[in-house]
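Architecture at a glance
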Amino acid sequence: MRKRILSATLFLLLFSFHSGVLAGEQKPLPEKLPVSGMVTLIDLGAATCVPCKMMTPILAQLEKEYTGKAAVVFIDLRYHKEMGRKYQVRAIPTQILYDKDGNEVGRHEGFLSKKAIEEAFKKLGVKK
């Protein structure tokens, strides 16, 4: 019994670490959204939803690959409920894409592939 509890605990810790969010962990949000002068992708969701978990590694890769070229921001609505109202989120995850002038140019609900995001960035003139 004790072994089973330890195994379950270890699984939960590893799963939480893999998803990029430990209980209570949320990266600080940029002061201004969308980020001034930069194409910005805001992903609004929760670390507990399945499509959001599927997007976690994609967003992490995009954030690294487009550093200084495009902003990729994840907002966990469990910790920032007011952002759900502000951005009129109806379902999670919701991705909102802004051009470098801060104009909303696209919105999507549900899982969004890395390829689709990269194509949107490319249309807005962002190069890897």
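Just above sits the structure.
Quick caveat: nothing in here was measured; it's all calculated off a predicted structure.

Comments concerning the pairing of strand β4 (residues 104-109)
In this sheet, β4 lies alongside strand β3 (residues 94-98) in antiparallel orientation, the contact comprising five bridges. Counted as the bridge partner of Gln-95 is His-108 from β4. Counted along the chain from β3 to the antiparallel partner β4, the turn is five residues long, and its residue Gly-102 has a positive phi close to 85°.

A word on the environment of Leu-41
With respect to the helices, strands and loops of the structure, Leu-41 is situated in strand β1 (residues 39-45). Leu-41 sits in the buried class, given a relative accessible area of 3%. Excluding residues that lie within four positions of it along the chain, Leu-41 makes contacts with Leu-59, Ala-71, Val-72, Val-73, Gln-95, Ile-96, Leu-97, Ile-117 and Phe-121.

Conventions adopted
- Residues numbered from 1 in each chain as written.
- Predicted model: local features only at pLDDT ≥ 70, side-chain atom pairs only at ≥ 80, totals over all residues.
- Heavy atoms only, no water.
- Pairing = 2+ DSSP bridges.
- Helix = DSSP H or I, 4+ residues; strand = E, 2+ residues; numbered from the N terminus.
- Buried < 20%, exposed > 50% of the residue type's maximum accessible area, 1.4 Å probe, protein only.
- Contact = heavy atoms within 4.5 Å.

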